[in-house]
Amino acid sequence: MHNLISTCSDLHHEELIKTHLLPVVAVEYSKCFKQVLTACEDSVIKVWDIDTGMKIFEFCNVHDGSPIRTITLDDTGRKLITGGQDGKIKIWNYNNGSCIRIMDKGNIDEVTSVIYAPVNLNRYVIGVGWDKEVNVFTDVIDSVYQTQTPLPSWKSVSKNVHSDDILCVAYGDPYFLATSSFDGQIIVWNIISSYIFCKMKAPVPKEIKNCLYLEGDMAISQLIFLNTRSRQCANLVANGPSGCVHFWNINHSSIPAGYFIATKHNSVTAMSKDDTDSTLVTADIKGFVTLWNIKDYCTEAFSKKPPKGLWHWKAHTQSITSVKMVDSKDVVLTTSEDCSVRLWTTKGHYIGTFGQHQMWNVIDHNTYMHPFIPGEILTDPFSLPKSMQSTEPSQPTTKSSVQMQYLDHLNNEEEEETIANVSLTVPGYSPEDEKLVGKRLRHERTHQDCEAGTAYSYKTLKYFTMEESEHINMQRPLKKPTGFLDF
């Protein structure tokens, strides 16, 4: 009992660690400098050493106080490209915080996604957003102009093609460009000719066809090209609609090559992959991260069975906004609306939170926070077994109840059936919600924490009375909690 109380007391301080003051929207990793870049809604960029977690540099007012919405790096990993709610796209030298160039697309519509595309000898910066257009800029190194305008040919061709806000853009070798919108439409372009290669729209999966749909459930906010695959294989991954992940072969785009339900929590909010296209990472609105083996998934015919689940753990208590897999370090980066950026091994072992006082050595497991985890995850109701998710406040659980689980259950046919038939509707939805107007409200409504009932009751649990008790030893336990599995 003493060990349990001291563990909870210790983790209570851990939960206060924040990487940024406001929600973190994106993370990138520079292979060139071995640095992590994080961006948040208060227009601040921070640069971190991935090997130790130490902050190297930060600069503010990236978009003159307007929230940052997306970031990416150029092909060398030396320049940072940001897109903001103010409608601007900027290129930065992130080692000294100087703005190299401003890409002005001619309106103030929010930029939702930006990429850097090296095509033959040319280099392009491509941004999309609420203007429903594909804005393509040339990255001319010797340009004397600090402000650039998009190529007119793309502005005219892409106008009125998407009927709703564009949420994502992705580049695929050798010359493909894919965009996805709020209504679920995916368009693949030839980046050289600017012609449309194909159009796709995922049907509503039969498992959730009868569920109540809210506006935004069809939205696709992330696309990933699997560039190492041949033309006969599915080579485009989309995180929607709802909690599904669809695999497409753009050369045979009439129907998806396969799909599976990656989460029971209504929305896959972020995805990433390894360099060999054999592992896919998905993250959801409730803070869970899952690794999937997609090496042989949708490589031939339509795949009816989902890919094999590898590892699954809870990384945050709020929605995960981005995830990044770093092959060279065998780690996963996660960012969340809870203002934190965390580093994990690919097996779900907690390394640390960027901004904590204690540094880590990424090659020395003894410096990891594992087997300890952030305190708010320990007491989150979704971390508890079903039998303990009640409306009555109870004692904090032992760490064994929130340990990483090997996903044998995802590969079991009975469990697959259970997951497939889970309701993906949002509890507590009311027709009154239809009165909400405006794009910002419309987009943010798809990321609300709408679960009703036990979550709010259980989150009221605090440790204050325990900390004030004089007869309890509050020292951190020397032994691991019993029942915790080492992988």
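Residues numbered from 1 in each chain as written. Predicted model: local features only at pLDDT ≥ 70, side-chain atom pairs only at ≥ 80, totals over all residues. Heavy atoms only, no water.

(A) Just the overall build of the chain, in detail. Looking only at helices and strands, the chain features seven helices and 29 strands. Across the 487 residues in the chain, those meeting the buried criterion constitute 56%. Looking at the chain alone, contacts between residues at least 24 apart form 53% of all its contacts between residues at least 6 apart. Of the roughly 21,600 Å² of accessible surface on the chain, a fraction of 52% belongs to carbon and sulfur atoms. (Helix = DSSP H or I, 4+ residues; strand = E, 2+ residues; numbered from the N terminus. Buried < 20%, exposed > 50% of the residue type's maximum accessible area, 1.4 Å probe, protein only. Contact = heavy atoms within 4.5 Å. Areas by Shrake-Rupley, 256 points an atom, 1.4 Å probe, with all protein chains shown as cover.)

(B) Layout of the sheet that holds strand S11 (residues 135–138). Taken in spatial order, the three strands of this open sheet run S9-S10-S11, and their pairing is antiparallel. The sheet is open, and its two edges are formed by strand S9 (111–119) and S11, each paired on a single side. The mean angle between the axes of side-by-side strands here comes to 20°, regardless of whether they run parallel or antiparallel. Of the pairings in the sheet, the one linking strand S10 (residues 122–129) to S11 comprises four bridges and is antiparallel in character. Opposite Val125, over in S11, you have Phe137 as the bridge partner. (Pairing = 2+ DSSP bridges. Axes fitted to C-alpha atoms, helices over the stretch in contact; angles between N-to-C directions.)

(C) Local environment of the sheet that holds strand S25 (residues 320–326). On the basis of which strands lie adjacent, the open sheet formed by four strands has the order S25-S26-S27-S28 and antiparallel pairing. Looking at strand neighbours, the two that pair on one side only are S25 and strand S28 (350–353), the edges of this open sheet. Neighbouring strand axes in the sheet, compared pairwise and without regard to direction, differ in orientation by 20° on average. Bridge analysis of strand S26 (residues 331–336) against strand S27 (residues 341–345) gives five bridges, and the strand direction is antiparallel. In the strand pairing of S27, Thr335 is matched with Val341.

(D) Layout of the side chain of Gln35. Inspection of the secondary structure puts Gln35 in strand S2 (residues 35–40). According to the relative accessible area criterion, Gln35 is buried, its value standing at 9%. Dropping the residues within four chain positions of it, Gln35 is found in contact with Glu28, Tyr29, Ser30, Val47, Trp48, Ile56, Tyr94 and Asn95.

(E) View of the pairing of S25. Within S25, five of the seven residues are buried, leaving the element largely enclosed by the surrounding structure. Across six bridges, the pairing between S25 and S26 is antiparallel. Among the inter-strand pairings, Val326 is bridged to a residue of S26, identified as Val331. Following S25, the chain reverses through four residues before pairing antiparallel with S26; Asp330 in that reversal takes a positive phi of roughly 60°.

(F) Main features of the packing of aromatic side chains. According to the stated counting rule, one finds 14 aromatic pairs in the structure shown. Considering the side-chain rings of Tyr175 and Phe176, the 5.0 Å spacing of their centres and the 45° angle between planes classify their relative orientation as tilted. Here Tyr175 falls in the partly exposed class, since its relative accessible area comes to 32%. Owing to a relative accessible area of 9%, Phe176 belongs among the buried residues under this scheme. Ring plane angle 85° and centroid distance 4.8 Å describe the contact between Phe247 and Tyr297, whose orientation is recorded as edge-to-face. On the criterion of sequence distance, the pair formed by Phe247 in strand S19 (residues 244–248) and Tyr297 in the loop between strand S23 (288–293) and strand S24 (308–314) is long-range, its members being 50 residues apart. The two residues Phe247 and Tyr297 agree in class, both being buried. Taken together, the ring pairs connect Phe247, Phe260, Trp292 and Tyr297 into an aromatic cluster. Its end group placed over the ring of Phe288, Lys314 keeps NZ or CZ at 4.4 Å from the ring centre. (Phe/Tyr/Trp six-rings, centres within 6.5 Å; stacked < 30°, edge-to-face > 60°. Lys NZ or Arg CZ within 6 Å of the ring centre and 35° of its normal.)

(G) Representation of the environment of Ser181. Topologically, Ser181 is positioned in strand S14 (residues 176–181). Taking the relative accessible area as the measure of exposure, Ser181 reaches 0% and is therefore buried. C-alpha separation for the pair Ser181 and Ser221, spaced 40 residues apart in sequence, amounts to 7.3 Å. Contact partners of Ser181, with chain neighbours within four places excluded, come to His162, Asp164, Asp165, Ile166, Leu167, Ala219 and Ile220. A polar side-chain atom of Ser181 sits 3.4 Å from a polar atom in the side chain of His162. (Polar contact = N/O pair within 3.5 Å; in protein donor to acceptor, adjacent residues only side chain to side chain.)

(H) Geometry of the nonpolar core. With 19 residues, the main nonpolar core has Val281, Val289, Leu291, Trp313, Ala315 and Trp344 as its most contacted residues. Where this core is concerned, the elements lending two or more residues are strand S22 (279–284), S23, S24, S25 and helix H3 (375–378). Of all hydrophobic cores here, the second largest spans 17 residues; its members include Val134, Val169, Trp189 and Ile191. (Core = buried A, V, L, I, M, F, W, Y, C linked by side-chain atoms within 4.5 Å.)

(I) Structural context of the confidence of the model for the chain. Here the chain averages 79 in pLDDT, while 72% of its residues score no lower than 70. Segment residues 445–487 is flagged for pLDDT under 50; beyond a separation of four residues in sequence, or across chains, it makes 88 contacts in the model. (pLDDT = per-residue confidence, 0-100.)

(J) The pairing of S22, seen in detail. Of all six residues in S22, six are buried; the element is thus mostly enclosed. Side chains of S22 alternate between two faces, with Thr279, Val281 and Ala283 and Leu280, Thr282 and Asp284 buried alike. When strand S21 (residues 268–273) meets S22, the two strands line up antiparallel, connected through five bridges. For Met271, the partnering residue across the bridge sits in S22 and is Thr282. Connecting S21 to the antiparallel partner S22 that follows it, the hairpin turn spans five residues, and Asp277 within it adopts a positive phi of roughly 60°. In terms of strand pairing, S22 meets S23 through five bridges, oriented antiparallel. Each bridged residue has a counterpart across the sheet, and for Ala283 the counterpart in S23 is Val289.

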